[in-house]
Amino acid sequence: MADSFGDLLRRFRVAASLTQEALAEQCRLSPATIAAIEQGRRKAPRLSTVRLIADALVLSPVDRELLATAASSALTTSARAVPAKAQDAAPGYVAGLQAAWTSFIGREQEQSTILAALAASRVVSLVGPGGVGKTRLAARTAQTIAPRYPLGAFFVDLVPVRQGFLSQAVASLLGVTERPGLSLDAALYAYLAQGRSLLVFDNCEHLIDVVAGFTEKLLADCADVTVLVTSRERLAILGERTVTVPPLSLVAGRGGDAAGSEAAALFLDRARASDPQFTATAADVGELCARLDGVPLAIELAAARSASLGVAGLLAGLDDHLRLLAGNRSAHSRHRSLRAVLDWSYDLLDDDERMMFRRVGVFVGGFDLDAGVAVAAGLGRGMVADLVGRLADKSLLSYAGGSRWQMLETIRAYALDRLSAGTAEETSAFDAHLRWAVSAAQALERQAEAAQPWRAEFDTTAADLRAALARAPAAQRLGHQLACSLGHLAYARRFMVESRQHYWAAAARAAGPDQAVCDLRAVADVAMAEGLGDIAFEVLLDAAEWAETAGDLAAQAACLAHAVTIADRFAAQFDHEVAHDRLCQLLDDARRIAPAGDEVSAAWLSAAAAWLAVPEKTVPNLALADTALAAARLTGDPALLSGALDAVVGGLDAGGRLRDAHQVNKERAQLLARLPRHDPRAGAEIIDSFHMVTEIAVTAGDLPSALATARLAQSDDIASGQPYMAASKPILPLVLQGRFDEALTQAATMWATWCQAGRPSARWMGPAFYGIILAHGLRGDDKGRCDWLARVAVLLGGDGDSVSGTNLAAVAAFTQARIALYEGRLDAAVAATADLPCETQSWYETPHWYSLRAYAWAMAAEVAVAAHGHAAVGRLAAAAPAGDENEWAAACLARAHGRLDADRGAFERSLAGWERIDARFERACTLLLMPDRADEGLAELRALGCRPPAS
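Here the structure is a predicted model, which means the values were calculated and not measured.

Once that is clear, we can look at the overall build of the protein. Along the protein, the regular secondary structure elements total 46 helices and eight strands. Counting all 951 residues of the protein, 55% fall into the buried class. Residue pairs in contact within the protein that sit at least 24 positions apart in sequence constitute 68% of those at least 6 positions apart. Within the structure as shown, the protein displays about 37,700 Å² of accessible surface, and the carbon and sulfur contribution to it stands at 53%.

Here it is, written out as structure tokens:
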């Protein structure tokens with residue numbers, strides 16, 4: 001029997017000497033997910049993630065194939081039909097659900113009601129007072145029906161989640177990250193739209209409006225998502241079914257008394273867990289449960305004392321507290337009964353236990369022993385461990401696995417109430433919590449910077465870090481430190497919007513203008529990584545004003561020059577372009593104040609000068625770009641160096657020096673390894689490097705290099721942030737190589753994810769769209785070609801004429817001409833290239849940049865030869881310089897010369913060129929022109945799914 005995916009994963013991981021946490025870190029999964037897969041409790045991940053796992057494990061081709069095959073088998077198995085009835089399904093794995101340390105008692109009727117509600121609605125809310133058992137009931141239900149959901153079942157504990165952080169809580173559990181250009185919510189919706197899934201939102205009452213809005217959007221965008229909610233009130237959204245959760249039954253069977261009821265069964269189970277020899281009369285147990293109104297939490301707290309007090313002692317102790325409540329059994333009596341039990345449990349603690357109980361109540365998401373020591377008012381580690389254990393024994397703390405404990409929210413609210421009774425202690429406890437948070441956040445930063453596993457720990461502690469920052473006094477130094485650390489960690493965790501918010505908060509808390517400058521520059525860096533150049537521009541201008549206040553002329557000049565560079569180099573990110581005259585004035589201001597001898601500000605000034613040399617946006621001056629590159633090299637800063645190299649590449653490209661631009665980009669690609677993924681400063685350069693290295697490689701005709709870089713971009717967690725961008729990059733090299741099936745797969749992803757993202761402005765995807773039109777045309781698929789022509793109009797927001805006069809004109813002409821030539825429609829092919837002005841213009845005049853003009857001019861020459869036109873010789877001569885700069889064009893022109901002169905040597909040169917760039921389709925077409933090898937060409941075309949060309 002073949003090994004399962006989990007077995008193979010474990011074997012390969014151990015062989016690679018990687019822990020589950022280390023592997024999870026590299027693959028952007030949670031350690032719990034890796035463990036669940038290896039233990040067979042969860043299906044294999046998607047095949048794209050399997051590729052990341054294989055890369056992390058450095059598997060051989062044979063082992064990669066084994067792992068992929070096992071993953072495919074696991075995914076197929078998981079998609080099979082699930083049992084029709086929940087009661088026929090074994091309890092399943094629910095991500096995020098803590099292991100239950102106690103048995104589940106009763107609730108058969110409630111479970112049946114919930115299952116019926118879930119069968120009728122995609123959103124069901126369990127409502128009831130605190131302590132009534134909503135969480136356990138929801139967890140039990142989720143485990144029961146989890147096998148029905150192939151994409152997974154997920155339990156989201158909202159107790160530690162603050163307002164504004166719901167998406168992060170869900171994303172952390174699902175392993176989804178925000179990416180540049182793709183909001184966290186959009187990434188979540190895209191993930192959950194992939195199949196049937198169950199989300200359980202537990203303890204929603206403090207986020208009721210947020211959860212309601214999130215759920216409504218989720219249900220609208222993800223047709224196969226089911227949501228189960230626990231709260232003290234319903235969401236009040238369309239289609240919601242509400243199930244009111246009552247206390248445990250106080251009646252045994254029909255018409256019986258409290259003895260032998262569900263409530264009594266719970267009490268006895270928990271009491272005997274503490275003392276296996278515990279005994280009590282049924283009547284006493286029934287009376288006790290009745291006086292506690294059947295509230296499960298109150299019963300469990302009372303049972304925790306049963307070993308020392310017995311039922312008689314419990315009844316006597318409760319009597320003092322409940323007597324005050326006698327005479328009124330209103331709807332709120334359950335709350336008062338629970339408060340009485342908590343008062344009584346608290347009174348039974350000794351002084352040290354009470355102090356520890358109050359102080360650990362400051363942790364919203366649980367705590368470990370180190371955190372407990374940090375807030376324990378000077379107690380030693382051994383003493384804290386003992387106190388925590390004693391509180392857990394008394395059911396005031398619950399064990400959360402590993403070395404962590406947490407409080408039920410009802411108990412935590414009580415602990416904070418007790419803490420607030422003493423103002424001095426409350427201040428002391430929250431100050432200690434803040435100091436712990438700063439220390440914990442800085443430790444996580446060091447781990448991230450050292451490329452050590454850190455994300456799982458961040459996800460565990462993030463709620464407390466955020467809570468500590470929210471409570472920190474505005475003018476406190478520790479608050480500023482924590483805001484900076486959280487900004488850094490949120491960015492590294494790919495929570496981009498949150499990162500910007502924290503850096504803004506840091507700037508507001510800065511002790512002086514110099515600190516504010518650093519914080520605002522970080523805001524701008526994150527915005528650039530998100531593709532929000534207009535925001536970054538304005539923030540940098542603010543930072544420049546703060547730098548002026550601080551008297552830091554170098555920083556002021558750098559901020560101004562950086563803003564100028566962004567407004568020109570990344571003009572496509574601006575809703576409204578910044579006027580050239582304004583940018584020139586800003587650059588003059590920066591030059592005027594820049595201190596002599598400061599290498600960093602000098603590098604920024606040089607970069608801005610290169611981009612601003614001509615009024616047209618995104619067109620740098622090559623000579624000034626060379627100066628900027630020399631200045632950047634002096635700083636040794638890889639981010640500055642990457643930006644300067646981009647300016648040089650842009651200058652070379654603008655002059656038609658494609659081979660030189662491609663060569664310089666190779667140095668820029670090597671810098672990617674030096675750009676840290678955790679640092680916001682590197683984000684924009686990483687994204688732009690993958691983008692430009694790929695597209696300049698296509699422009700130069702180096703299809704293998706273009707495809708290799710595009711593949712790398714798809715596996716990079718920053719560069720792949722926009723799924724439609726990542727999918728668009730391989731399309732042209734794949735089509736030009738004749739790998740049409742792969743290109744069509746990428747195109748489907750590109751279109752679907754672009755639509756899911758709301759169809760943002762993305763004119764730069766135009767060449768990829770025309771690549772798919774070319775693929776359909778060469779395969780004779782007229783419907784597919786027409787469909788994608790219509791999509792071009794959608795992309796551009798106009799009609800087909802909207803490409804005229806743009807850098808898409810050349811790719812459109814090339815596409816139409818190549819299809820027409822293949823179909824034997826020579827008049828149409830000539831017409832498609834008629835607007836290429838070889839008589840009046842060189843092959844590479846504006847519009848430039850990724851325009852595929854080399855391809856268009858080479859195709860125009862071959863079309864002229866095929867049509868036996870008088871312009872053939874002139875076309876060939878005009879296109880010759882394009883062949884010097886582009887490998888595809890060179891091979892095409894060699895073929896055209898072979899056709900013109902019946903030159904066998906020219907055909908052989910063309911074949912060698914196609915083989916060098918792995919262009920199988922064009923190689924096959926060339927073979928057809930060589931009578932002795934025509935059969936070989938036809939066989940190749942059949943293998944590529946193409947019909948033979950027209951004669």
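Read on for the rest.
It is worth spelling out the nonpolar core at this point. Judged by nonpolar contacts, the single largest core of 113 residues is most densely connected at Leu 174, Phe 201, Phe 267 and Phe 357. With 10 residues, helix α20 (residues 423-449) is the largest single contributor of residues to this core. Once residues lying within four places of it in the same chain are set aside, the contact partners of Phe 201 are Val 156, Leu 158, Leu 166, Val 170, Val 211, Phe 214, Thr 215, Val 227, Leu 228, Val 229 and Thr 230. Of all hydrophobic cores here, the second largest spans 84 residues; its members include Met 765, Phe 814, Leu 876 and Leu 941.

Turning to the sheet that holds strand β8 (residues 404-406), a few remarks are in order. Pairing is antiparallel in the open sheet, where three strands are placed in the order β6-β8-β7. Each edge of the open sheet carries a strand with a single partner, namely β6 (367-368) and β7 (398-399). Pairing of β6 with β8, which is carried by two bridges, proceeds in the antiparallel orientation. By the bridge assignment for β8, Asp 368 is matched with Arg 404.

A few words now on the side chain of Thr 565. The residue Thr 565 is located in helix α26 (residues 553-569) in this model. Owing to a relative accessible area of 5%, Thr 565 belongs among the buried residues under this scheme.

Here we take up the environment of Leu 671. Positionally, Leu 671 belongs in helix α31 (residues 658-671). The buried category is assigned to Leu 671, whose relative accessible area is 4%. Sequence-wise, Leu 671 and Ser 689 are 18 residues apart; in three dimensions their C-alpha atoms are separated by 9.0 Å. In this view, Leu 671 contacts Pro 638, Leu 641, Ser 642 and Leu 645; residues no more than four positions away in its chain are not counted.

Our next topic: the state of the cysteines. Following the criterion strictly, the structure yields zero disulfides and no others. The thiol of Cys 484 is unpaired, and the distance to the nearest cysteine sulfur, on Cys 518, comes to 8.5 Å. Sulfur of Cys 755: no disulfide; nearest cysteine sulfur belongs to Cys 222 and is 15 Å away.

Right, let's talk about the pattern of salt bridges for a bit. Counted according to the given criterion, the structure contains 49 salt bridges. Here Arg 569 ties to Asp 688 by a salt bridge, and the two come within 3.2 Å at their closest N and O atoms. Placement of the pair is Arg 569 in helix α26 and Asp 688 in helix α32 (residues 680-699), with a sequence separation of 119 residues. Of the charged contacts in the structure, one is a salt bridge between Arg 668 and Glu 685, with a shortest N-O distance of 2.9 Å. Residue Arg 668 is found in helix α31, and its partner Glu 685 is found in helix α32; the two are separated by 17 residues along the sequence. Comparing Arg 668 with Glu 685 shows no difference in burial state: the two are buried.

Turning next to the sheet that holds strand β4 (residues 225-231). Ordered in space as β2-β3-β4-β1-β5, the five strands form an open sheet in which the pairing is parallel. Sheet topology places β2 (152-157) and β5 (241-244) at the edges, where each strand pairs with a single neighbour. The average undirected angle you get between the axes of adjacent strands in this sheet is 15°. Bridge analysis of β2 against strand β3 (residues 197-202) gives six bridges, and the strand direction is parallel. Along β3, the bridge assignment pairs Phe 155 with Val 200. With respect to the sheet, helix α6 (residues 108-120) is in contact with β1 (123-127), β4 and β5, its orientation differing from that of β5 by roughly 175°.

A word on the pairing of β1. Within β1, five of the five residues are buried, leaving the element largely enclosed by the surrounding structure. Burial of β1 is two-sided: the residues Val 123, Ser 125 and Val 127 facing one way and the residues Val 124 and Leu 126 facing the other way are all buried. Bridge analysis of β1 against β4 gives five bridges, and the strand direction is parallel. Paired with Leu 126 across the bridge in β4 is Thr 230.

Geometry of an aromatic ring pair is reported as the spacing of the ring centres plus the angle between the planes. In the structure shown here, the tally under the stated rule is 22 aromatic pairs. With 6.0 Å between their ring centres and 50° between their planes, Tyr 346 and Phe 357 make a pair best called tilted. Within this pair, whereas Tyr 346 is found in helix α15 (residues 333-347), its partner Phe 357 is found in helix α16 (residues 351-360), the two being separated by 11 residues in sequence. The class for Phe 357 is buried, based on a relative accessible area of 1%. Ring geometry for Phe 769 against Trp 788: centres 5.1 Å apart, planes inclined by 80°, an arrangement best described as edge-to-face. With Phe 769 in helix α37 (residues 766-778) and Trp 788 in helix α38 (residues 782-796), this pair connects stretches of sequence that are 19 residues apart. Positioned above the aromatic ring of Tyr 346 is the side chain of Arg 354, whose terminal nitrogen or guanidinium carbon lies 5.6 Å from the ring centre. Its guanidinium or amino end placed over the ring of Trp 788, Arg 791 lies 4.6 Å from that ring's centre, counting from NZ or CZ.

Located in the positive-phi region is Arg 494, a residue other than glycine, with phi close to 65°. Structurally, the position occupied by Arg 494 is in the loop between α22 (477-492) and α23 (496-509). Assessed through its relative accessible area of 1%, Arg 494 is described here as buried. For Asp 918, which is not glycine, the phi dihedral falls at a positive 60°. Assignment of secondary structure puts Asp 918 in the loop between α44 (904-916) and α45 (920-928). For Asp 918, a relative accessible area of 34% translates into the label partly exposed.

A separate point is the environment of Phe 155. Its location among the elements puts Phe 155 in strand β2. Considering only alpha carbons, one finds Phe 155 and Ala 558, 403 residues apart in sequence, at a separation of 47 Å. Dropping the residues within four chain positions of it, Phe 155 is found in contact with Val 94, Ala 95, Gly 96, Leu 97, Thr 135, Ala 139, Leu 173, Val 200 and Asp 202.

A word on the confidence of the model for the protein. Put simply, the protein has an average pLDDT of 87, and 90% of its residues get 70 or more. Below pLDDT 50 for its whole length, residues 254-258 participates in seven contacts with residues either more than four positions away or in separate chains. When the criterion is pLDDT under 50, residues 324-332 qualifies, and its contacts beyond four places in sequence or with other chains add up to eight contacts.

About the criteria used
- Residues numbered from 1 in each chain as written.
- Predicted model: local features only at pLDDT ≥ 70, side-chain atom pairs only at ≥ 80, totals over all residues.
- Heavy atoms only, no water.
- Helix = DSSP H or I, 4+ residues; strand = E, 2+ residues; numbered from the N terminus.
- Buried < 20%, exposed > 50% of the residue type's maximum accessible area, 1.4 Å probe, protein only.
- Contact = heavy atoms within 4.5 Å.
- Areas by Shrake-Rupley, 256 points an atom, 1.4 Å probe, with all protein chains shown as cover.
- Core = buried A, V, L, I, M, F, W, Y, C linked by side-chain atoms within 4.5 Å.
- Pairing = 2+ DSSP bridges.
- Disulfide = S-S within 2.5 Å.
- Salt bridge = Lys/Arg side-chain N within 4 Å of Asp/Glu carboxyl O.
- Axes fitted to C-alpha atoms, helices over the stretch in contact; angles between N-to-C directions.
- Phe/Tyr/Trp six-rings, centres within 6.5 Å; stacked < 30°, edge-to-face > 60°.
- Lys NZ or Arg CZ within 6 Å of the ring centre and 35° of its normal.
- pLDDT = per-residue confidence, 0-100.

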